[in-house]
Amino acid sequence: MSTSLSTVAAAKLFVAIGTLTSPTVSNIPEILEQPTRPVERLTSLASSVLTASPLLATASVNDDIFEYDKSLRQTTVAEKIVGELRQWGLLQADWDGEGASPPSAESIKEAVSFVKLIDDITTPPEPMLLASGHAALYWNIDNLYADIEFLGDGRIGYFIKRNGDKHKGVFAFNQQEMPAVLQALIWA
Amino acid sequence: MSLHLISKKCPLCSKLSSGLKKLLSLFGFGLDCEGLNLRTYSSGERISEINSAAADCSCEKFRMSKHSPGVVENSENLALFVFLPMHNIDKNGKAKPNIFSHVHLKGRSVQRDTIASEAELVNFATNFLGDEAERVWKGVILAKCDDVRNIKLENSQNRSVCVYDTSEENNPAHAEIGQTQHIEEADKIELRHDLFVAFGNGNIIPPSTYKQGAIWQKLSIEHQSRL
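The following paragraphs examine the structure supplied in this document. (Residues numbered from 1 in each chain as written. Chains lettered and ligands numbered in written order. Predicted model: local features only at pLDDT ≥ 70, side-chain atom pairs only at ≥ 80, totals over all residues.)

### Details of the overall build of chain A
Our working rule: A helix here means a DSSP run of H or I that spans at least four residues, while a strand means a run of E at least two residues long, and both kinds are numbered starting from the N terminus. Residues are called buried when their C-beta atom has 20 or more other C-beta atoms within 10 Å, exposed when it has 12 or fewer, and partly exposed otherwise; all C-beta atoms are positioned from the backbone. For every residue pair, C-beta atoms are placed from the backbone, and the pair is scored as a contact if these atoms sit within 7 Å.
Broken down by element type, chain A carries seven helices and five strands. Counting helices and strands in the order they occur from the N terminus, chain A gives α-α-α-α-α-α-β-β-β-β-β-α. Counting all 188 residues of chain A, 26% fall into the buried class. Long-range contacts, defined here as pairs at least 24 residues apart, represent 54% of the contacts in chain A between residues at least 6 apart.

### Section: the overall build of chain B
Scanning chain B from terminus to terminus reveals eight helices and five strands. Put simply, chain B runs from its N terminus to its C terminus through helices and strands in the order α-α-α-β-β-α-β-α-β-β-α-α-α. Across the 227 residues of chain B, 38% fall into the buried class.

### Quick word on the sheet that holds strand E1 (residues 77-84) of chain B
Residue and element names in this part refer to chain B. Note the cut-off: Between any two strands, at least two bridges found by DSSP are needed for them to pair. In this analysis, axes come from line fits to C-alpha atoms, helices being fitted only over the stretch in contact, and the angle between any two N-to-C directions falls in the range 0 to 180 degrees.
Strand order in this open sheet of five strands is E3-E1-E2-E5-E4, and the pairing throughout is antiparallel. Each edge of the sheet is formed by a strand with only one pairing partner; in this case those strands are strand E3 (136-144) and strand E4 (161-165). Sheet twist, expressed as the mean angle between neighbouring strand axes with direction ignored, is 35°. The pairing of E4 with strand E5 (residues 174-179) spans five bridges and is antiparallel. Paired with Asp 165 across the two strands is Ala 175, which belongs to E5.

### Topic: the interface of chain A and chain B
What counts, and what does not: Only Asp, Glu, Lys and Arg are considered charged, only Ala, Val, Leu, Ile, Met, Phe, Trp, Tyr, Cys and Pro nonpolar, and every remaining residue, Gly among them, polar.
Counting residues at the interface gives 24 residues for chain A, matched by 21 residues for chain B. Elements that contribute at least two residues to the side of chain A that touches chain B include exactly strand E1 (126-129), strand E2 (135-141), strand E3 (144-150), strand E4 (155-162) and strand E5 (165-172) of chain A. Per-class residue counts for the side of chain A that touches chain B are 10 nonpolar, six polar and eight charged.

### Some remarks on the nonpolar core
Selection rule: A set of buried residues qualifies as a nonpolar core if it consists of Ala, Val, Leu, Ile, Met, Phe, Trp, Tyr and Cys joined through C-beta atoms within 7 Å.
The biggest cluster of nonpolar side chains holds 77 residues, and the ones touching the most others in it are Ala 111 of chain A together with Leu 80, Val 148 and Val 163 of chain B. Not counting residues up to four positions away in its chain, the partners in contact with Val 148 of chain B are Leu 78, Ala 143, Val 161, Val 163, Ile 177 and Ala 198 of chain B.

### So, the pairing of E3 of chain A
Residues and elements named next belong to chain A. With five of its seven residues buried, E3 lies for the most part within the structure. When E2 meets E3, the two strands line up antiparallel, connected through six bridges. Across the sheet, residue Asn 140 finds its bridge partner in E3, namely Tyr 145. Between E2 and E3, which pair antiparallel and follow one another directly, the connecting turn spans two residues, one of which, Asp 142, has a positive phi of 45°. Pairing analysis gives seven bridges linking E3 to E4, with the strands arranged antiparallel.

### Describing the sheet that holds E4 of chain A
With antiparallel pairing, five strands are arranged side by side in an open sheet as E1-E2-E3-E4-E5 (chain A). At either margin of the open sheet sits one strand with a lone partner, and together these are E1 and E5 of chain A. Going from strand to strand, the sheet's axes swing by 15° on average, the running direction of each strand aside. Those strands touched by helix H6 (residues 105-116) of chain A are E2 and E3 of chain A, and its axis lies near 45° from that of E2 of chain A. Across the face of the sheet, helix H6 (residues 188-198) of chain B comes into contact with E3, E4 and E5 of chain A while running at roughly 40° to E4 of chain A.

If you want it as structure tokens, here you go:
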């Protein structure tokens, strides 16, 4: 009997580990592309389950294990921002009741690419949708005020005020690498 | 050859004509601000069309609507009503600078806080909230008209925005902020920042505090319950 229980527990453990490779991302519409999951998250999730044998042994049904898995996989800050940006793609013209233009798909795509390139998300930007339909990212923390607008044609416009110094301009953004000027001004 | 002569001649003519127009417009000659308001009302490029016809805020000196109680004075306060979900707010409960992004294209609607009657403001809020249950009035952000009109980009002597009296039949205290012809692409984001600062850094005055709650108290229970 005890052997049989151990077999069941082992089977549950096997199933649980097997499901870890494809967790779902919450709060993001299914129509949207799944963001890349951070590797360190997976590592900690796997090790947590593997060391949680008392919980697995006492679990009555597989659902308990799955609930436990979900609680360990939180949506990251970057994923939340990407989700909000992409949801704007569903809006129509006059989304603000004041005659705004429809969101620009290209501008949203550029903003998503930018968010994915952010290394340090400890001071996350706030996404903004402009009346022009352009997406923008905004920081207003301590000595930093930054507003970055994605112009939808491969260019970024920015205005940054850090410790009283003002910087502004427009430049090309290739969506592959973080522009050095913004890296220096925002995350200095 | 003749084309060459024409191309040489035209810039001078154009400069003279432009200078004359500016001089005349200072005294109101040749300007039809009411007509301009009506013609551009539904245009997606309203602000640039106004700037083309009446540069340097010329129409600030004239009523732009037959419903107007008078031009917007520098001493007036301007109130921007913040509604959800259209005006999204940040995690600290402040308005974001995107609330000013209409200044570039169609004009940023504001209410003339100083001259608006309570009944007009109640009517305005009620109409905007309407029957859509998700619409919520979060409060207002306020600025002095003088501060707004004095906005200039760094290292520039030119004004960045105009404040027009664009009264509407059902909203006589309606005014609009539009960028001037001096704002170029790279300046727009700085302008949004400057407006954000002029409007109290996005700090929202809640409905229960704005005008001692006078407007809030006159809204329907259903509209109040959305907050």
